[in-house]
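Understanding the architecture of this molecule
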Amino acid sequence: MAVDIPALVKPSRLRSRGGLLGECLAEFLGTFVLISFGCGVVAMAVAALPGSGRAQTPTTIFLAAGDWLLITWGWALAVVFGVYVAGGVSGAHLNPAVTLAMAIRRGFSWAKVLPYWFAQVVGALTGAALVYLVYHNAISAYDQAAPGPKVNGHTNATFSIFATFPAPYFHGGIWGPLIDQIVGTAFLLMLIAAVIDLRNQAVKANLGPLIVGFAVAAIGMSYGANAGYAINPARDFGPRLFTFAAGWDGLAFPGSVSGSFSAYWWIPIVGPLIGGAIGILVYDLFIGDVLLVRSELGELPEPGRSTPARTTDEE
């Protein structure tokens, strides 16, 4: 807005929020928005739509691919608006894997990494709590109607509203889900690096958050079913902490379902941190270094040309 907006808090009390504290508050709020809409769309698909009579039965979920598209686009928009909310203050990492990658290759201060991570996890936990506050009736109705193993009356289906778990075809194995998380997050950081690189075909007119949201949608559509495409340690760990406190117990920590998987909680943390580092290193190796060399040489050939175009006078 072009008009002057007065401070909500006295200026003398704002100075401490001009630095790291303000950035962490932005990371908290941006991640809160991300989880509120991201987990909110899963709550719609899993509990609210079936429970409100808008699905085939009170426990019908994922009857068709369109149900998955609802979730992938919902998470994409959650990322878009989370980044728009926080981007001007903190850069809107909203993801410990992004923060780590920016520290490794983009000059982000290592002293800020842990404070950013803390703010992101707390924002994610708070967002999950809000989703539960709004949808606890639908969640309770689903858990009561659904058959199968339950923990304190809760099902793994309603746990999936908040955190992730691997597909049955991994048979409880570690490597498949871990590789999945590494690959998905590597693509995320590779695409983020491309979008924000002003030396490349940079996104104009503040459309960067929208394109990053498209990237998250693409990852969800292409690599989402294996393990729920957490691709963000805070996105999984914060809501997992909440569900543990809210009664899902072993489904959350250590993240176990008898006969399916066990001690899964660490995979959506370690996998994305490794994948994020790999993704930005791959981008810089194949693209960033080439752009750097070209800028130093002052030679910028058109994409697809092996040498710079020459004018008639140069020839």
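First, a word on scope: everything that follows refers to the structure included in this document. (Residues numbered from 1 in each chain as written. Predicted model: local features only at pLDDT ≥ 70, side-chain atom pairs only at ≥ 80, totals over all residues. Heavy atoms only, no water.)

Some details on unusual backbone geometry
Applied cut-off: We count a stretch as a helix when DSSP gives it H or I for four or more residues in a row; a strand needs E for two or more, and each element gets its number in order from the N terminus.
Here the bond from Phe253 into Pro254 is cis, since omega is 10°, no more than 30 degrees from zero. The topology assignment puts Pro254 in the loop between α9 (233–248) and α10 (267–297). The phi dihedral of His171 falls on the positive side, at around 55°, and the residue is not glycine. Within the element layout of this structure, His171 appears in the loop between α6 (156–159) and α7 (175–196).

What about the packing of helix α5 (residues 113–145) against α9?
Packed helix pairs are specified by the crossing angle of their axes together with the interaxial distance, meaning the distance between the axes. Formally: The convention used is that axes are lines fitted to C-alpha atoms, helices contributing only their stretch in contact, and that angles between N-to-C directions extend from 0 to 180 degrees. In these notes the angle categories are as follows: under 35 degrees is roughly parallel, over 145 is roughly antiparallel, 65 to 115 is roughly perpendicular, and the rest is oblique. In this scheme, a crossing is called left-handed if the near helix is turned counterclockwise away from the far one by less than a right angle; it is called right-handed if the turn is clockwise. We call two residues contacting when some pair of their heavy atoms lies within 4.5 Å. Throughout, the ten residues Ala, Val, Leu, Ile, Met, Phe, Trp, Tyr, Cys and Pro are labelled nonpolar, Asp, Glu, Lys and Arg are labelled charged, and all others, Gly among them, are labelled polar.
In contact at an axis separation of 8 Å, α5 and α9 are set at 50° when each is read in the N-to-C sense. Taken together, the axis directions place α5 and α9 in an arrangement best described as oblique. At the point where α5 passes α9, the crossing takes the right-handed sense. For the pair α5 and α9, contact is made by Gln120, Val121, Ala124, Leu125, Ala128, Ala129, Tyr132, Ile139 and Asp143 and by Ala234, Phe237, Gly238, Pro239, Leu241, Phe242 and Trp248, respectively. Classifying every residue of the contact of α5 with α9 gives 13 nonpolar, 2 polar and 1 charged.

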